[in-house]
Amino acid sequence: MKVKIKITILIICMICSNAIAQQKWSLDECVAYALEHNLQLKDFKYNAASNKETYKQSIRAILPNVSASTNYVVSFGRAEDPNTGTFVNQDFFSNSYNLNGSIDLFQGFQKINTIKASKFLYKATNEEATHQKYLLAFRVMQAFYDIQFFEGLLAISNEQQAVSQTNYDLVEKQIELGLKAGADLYEAESLLLTDKLNVTQSKNQLAAAKLSLIQAMNLENETDINIQVDLEEIASKTELDTVQTATIFNEAKNFIPLIKAQELRTKAAKKQLASERGNLYPSLELFAGYRTGYFETTVDSLGLTIPFRDQFRDNASEFIGVSLNIPLTNAWSRRSRVKQQKIAYKRAQNNLDIQEQELQQTIAQLVQEYNSLLVELAQSNQKVEAQNLAFEIAQKRYEKGLINALELFTAKNLFASAQNENLQVRLRSEINKSTLDFYKGLPVFNIN
């Protein structure tokens, strides 16, 4: 009975495993899974959480500083009586209690500027984390379309192999009927073996592409993945001119996370500069405190040590004051830090200009590629039709013995090459279109 139960469980596990393996993943599902399980994104989340805590602490820095302390001291031999200030030759103990508090009244607006700077940095890390999500989504999309390409390439290779197999079988029958010599069979077999090798290579390339997608998704304990092939025919579109390129750039720089992050870092650098300048101003601090203590050497008129409760009350003292600190030279270190921060601010501005320039160049390249692919796609479709017709004619002529195997092989390879180029152009067009849609602000990926 136990053996039957184990066999039943094994069969159920195999069925479930096959069901999982047969699951077809859409592009959105692949991206969503990758975003949830990618380990590098978690690191950016931790970085954002750290900056959030830094921002919160910069706000808490405005609160007063309050501290309490106590001590217990045992003195031996000749020691100073903390109560009378005189030296006595005996062993005694004392303990004291202190409560101190202080608050900055003016510090050159350093804390306010630090709060604003840390807030900008916190927002910048959030934008950078979002940017990493988009980068991961594009990597997954590239791997997804690579699988589509190699699946298409495998289909083309299988078609070519089927044709070569048919021709091999035809030659074999013609040899049996005495219509062809035995050498013709070797030529047909050579072409068939070549196509079988192409099929094997296509399968290996497809397996490598699937592995890349599995790794990009961090899909554990899986060696194979099936995707939904949904590549629509790309219709003829209106070309994008330079005016539209500028429009796309203006839209993109307002929401691209990397640009927004650098803008926030530039603002943070400006506030950090203002905070450093605050070190050049005088600072004003309000402080207050309370202290009391108990001393074994404090005695009454009868020579008895006064009880702890009475001493705690009688020895209490309070103080309050204002502290003014005026920086004079400090070896000019404060002015040096201001200069360094001014350079950091200019560098942040320059980095923002560089990123905007790179974004504009990227969009211009995408638009140029978009227009080129439209022309290539139309010509590629015509080339596939022409090569298909040429191959069909060559196949019929070969069957009638009007051309040799080499001429048929050439026509077949030209047709396969045209199909391959057409598939490449279609997939490049799809990726290019999705990328441009992203820069236009269209919902290409569901990142949230």
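Before reading further, recall that the structure is shown in the block above.
Residues numbered from 1 in each chain as written. Predicted model: local features only at pLDDT ≥ 70, side-chain atom pairs only at ≥ 80, totals over all residues. Heavy atoms only, no water.

**Overview of the sheet that holds strand E2 (residues 65-75)**
Two pairing modes exist for strands in a sheet, parallel and antiparallel, and in both the strands are linked by backbone hydrogen bonds. Under the convention used in this document: By definition, two strands form a pair when at least two bridges between them are found by DSSP. Secondary structure elements are taken from DSSP: a helix is a run of H or I of four residues or more, a strand is a run of E of two residues or more, and numbering for both begins at the N terminus. Working convention: axes come from line fits to C-alpha atoms, limited for helices to the stretch in contact. Angles between N-to-C directions cover 0 to 180 degrees.
Read across the open sheet, the four strands follow the order E2-E5-E7-E8; overall the sheet is antiparallel. Two strands close off the open sheet at either side, each with one partner strand: E2 and strand E8 (317-325). Each strand axis lies, on average, 20 degrees off the axis of its neighbour in the sheet, ignoring direction. Inspection of the sheet shows strand E7 (residues 283-295) paired to E8 by nine bridges, in the antiparallel sense. When the sheet's bridge partners are listed, Ser283 is paired in E8 with Asn325.

**A closer look at the nonpolar core**
Quick reminder of the rule: In these notes, a set of buried Ala, Val, Leu, Ile, Met, Phe, Trp, Tyr and Cys residues joined through side-chain atoms within 4.5 Å is what counts as a nonpolar core. Remark: exposure states derive from per-residue accessible area (1.4 Å probe, protein chains only) relative to the maximum for the residue type, with buried under 20%, exposed over 50%, and partly exposed in between. Every residue pair with non-hydrogen atoms within 4.5 Å of one another is taken to be in contact.
The biggest cluster of nonpolar side chains holds 51 residues, and the ones touching the most others in it are Leu213 and Tyr439. Elements supplying a minimum of two residues to this core: helix H2 (27-37), helix H4 (110-176), helix H5 (182-217), helix H6 (242-252), helix H9 (333-399) and helix H10 (405-439). Ranked by residues supplied to this core, first place goes to H4 with 14 residues. Discounting chain neighbours no more than four positions away, the residues touching Tyr439 are Ile248, Glu251, Ala252, Phe255, Ile256, Leu359, Thr362, Ile363 and Leu366. The next biggest cluster of nonpolar side chains, apart from the first, holds 17 residues, and it includes Leu185, Leu192, Val384 and Ala411.

**Some details on the pattern of salt bridges**
Note the following rule: A pair is scored as a salt bridge if a Lys or Arg side-chain nitrogen falls within 4 Å of a carboxyl oxygen belonging to Asp or Glu.
Counted by the stated rule, this structure contains 13 salt bridges. Of the charged contacts, one joins Lys433 and Asp437 as a salt bridge, the two residues approaching to 3.1 Å between their closest N and O atoms. Of this pair, Lys433 and Asp437 are both found in helix H10, four residues apart, which corresponds to roughly one turn of the helix. Exposure remark for Lys433: the relative accessible area of 31% places this residue in the partly exposed category.

**Observations regarding helix H7 (residues 257-278)**
Applicable threshold: In a helix, the anticipated span is given by 1.5 Å times the number of residues less one.
The end-to-end C-alpha distance of H7 is 31 Å, a good match for the 32 Å that 22 residues give at a rise of 1.5 Å each. The complete set of buried residues in H7 reads Pro257, Ile259, Ala261, Gln262, Leu264, Thr266, Ala268, Ala269, Leu273, Ser275 and Gly278. The elements touched by buried residues of H7 are H4 and H9.

**Digging into the pairing of strand E5 (residues 92-106)**
Pairing between E2 and E5: 11 bridges, direction antiparallel. Bridging across to E5, Ser67 finds its partner in Asn100. Here E5 runs beside E7; their pairing, made up of 12 bridges, is antiparallel. Across the sheet, Ser102 pairs through a bridge with Phe287, a residue of E7.

**Re helix H3 (residues 39-60)**
Threshold: Directions drawn from the helix axis to the C-beta atoms are what define this arc. For the purposes of these results, a polar contact is taken to be a pair of N or O atoms within 3.5 Å, where, inside protein, one atom must be able to donate a hydrogen and its partner to accept one; residues adjacent in sequence count only when each atom of the pair is a side-chain atom.
Look at H3: 32 Å from first C-alpha to last across 22 residues, which is about the 32 Å you get at 1.5 Å a residue. For H3, the full list of buried residues reads Leu41, Ala48, Asn51, Tyr55 and Ser58. Down the axis of H3, the buried side of the element spans an arc of 90 degrees, and every buried residue falls inside it. Projecting away from the buried face of H3 at angles above 90 degrees are the exposed residues Leu39, Asp43 and Tyr46. For H3, the N-terminal capping position is held by Asn38, with its side-chain oxygen 3.0 Å away from the main-chain nitrogen of Gln40.

**Some points on the packing of H4 against H7**
Going by this rule: Any angle between 65 and 115 degrees counts as roughly perpendicular, while under 35 counts as roughly parallel, over 145 as roughly antiparallel, and the rest as oblique. Helix crossings get a hand from a simple test, with the near helix turned counterclockwise from the far one by less than a right angle marking a left-handed crossing and a clockwise turn marking a right-handed one. Just so you know the grouping, Ala, Val, Leu, Ile, Met, Phe, Trp, Tyr, Cys and Pro go in nonpolar, Asp, Glu, Lys and Arg go in charged, and all remaining residues, Gly too, go in polar.
Put simply, H4 and H7 touch, their axes get as near as 8 Å, and they point 165 degrees apart. It follows that H4 is roughly antiparallel to H7 by the angle criterion. Note that H4 runs across H7; the crossing there is left-handed. Its residues placed into classes, the contact of H4 with H7 shows 11 nonpolar, nine polar and eight charged.

**Some words on the packing of aromatic side chains**
Where two aromatic rings form a pair, the distance of their centres and the angle of their planes describe that pair. Convention followed: Ring pairs shown here join Phe, Tyr and Trp side chains whose ring centres sit within 6.5 Å, with only the six-membered ring taken for Trp; geometry is labelled stacked below 30 degrees between planes, edge-to-face above 60, and tilted in between.
Enumeration according to the criterion identifies 16 aromatic pairs in this entry. Here Tyr134 and Phe438 contribute two aromatic rings whose centre-to-centre distance is 4.8 Å and whose plane-to-plane angle is 55 degrees, an arrangement assigned as tilted. Here Tyr134, found in helix H4, pairs with Phe438, found in helix H10; they are 304 residues apart in sequence, far enough to count as distant. For Tyr134, a relative accessible area of 18% puts it in the buried group. With a centroid separation of 5.8 Å and an interplanar angle of 15 degrees, the aromatic rings of Phe391 and Phe415 are classed as stacked. Of this pair, Phe391 sits in helix H9 while Phe415 sits in helix H10, placing them 24 residues apart in sequence. A network of ring pairs unites the aromatic residues Tyr134, Phe138, Phe255, Phe438, Tyr439 and Phe445 as a single cluster.

**Considerations on a nonpolar patch on the surface**
The following threshold applies: Think of a patch as exposed residues, more than 30% relative accessible area, with no salt bridge, where like charges cluster within 9 Å and nonpolar side chains (Val, Leu, Ile, Met, Phe, Trp, Tyr) cluster within 5 Å. Shrake-Rupley sampling with a 1.4 Å probe provides the accessible areas, and residues are treated as covered by the protein chains on show and by no other component.
On the surface, a nonpolar cluster with roughly 750 Å² of combined accessible area is contributed by Ile62, Leu105, Phe106, Phe109, Ile112, Leu280, Tyr281 and Val322. For Phe106, the position within the fold is in strand E5. Judged by its relative accessible area of 33%, Phe106 falls in the partly exposed class.

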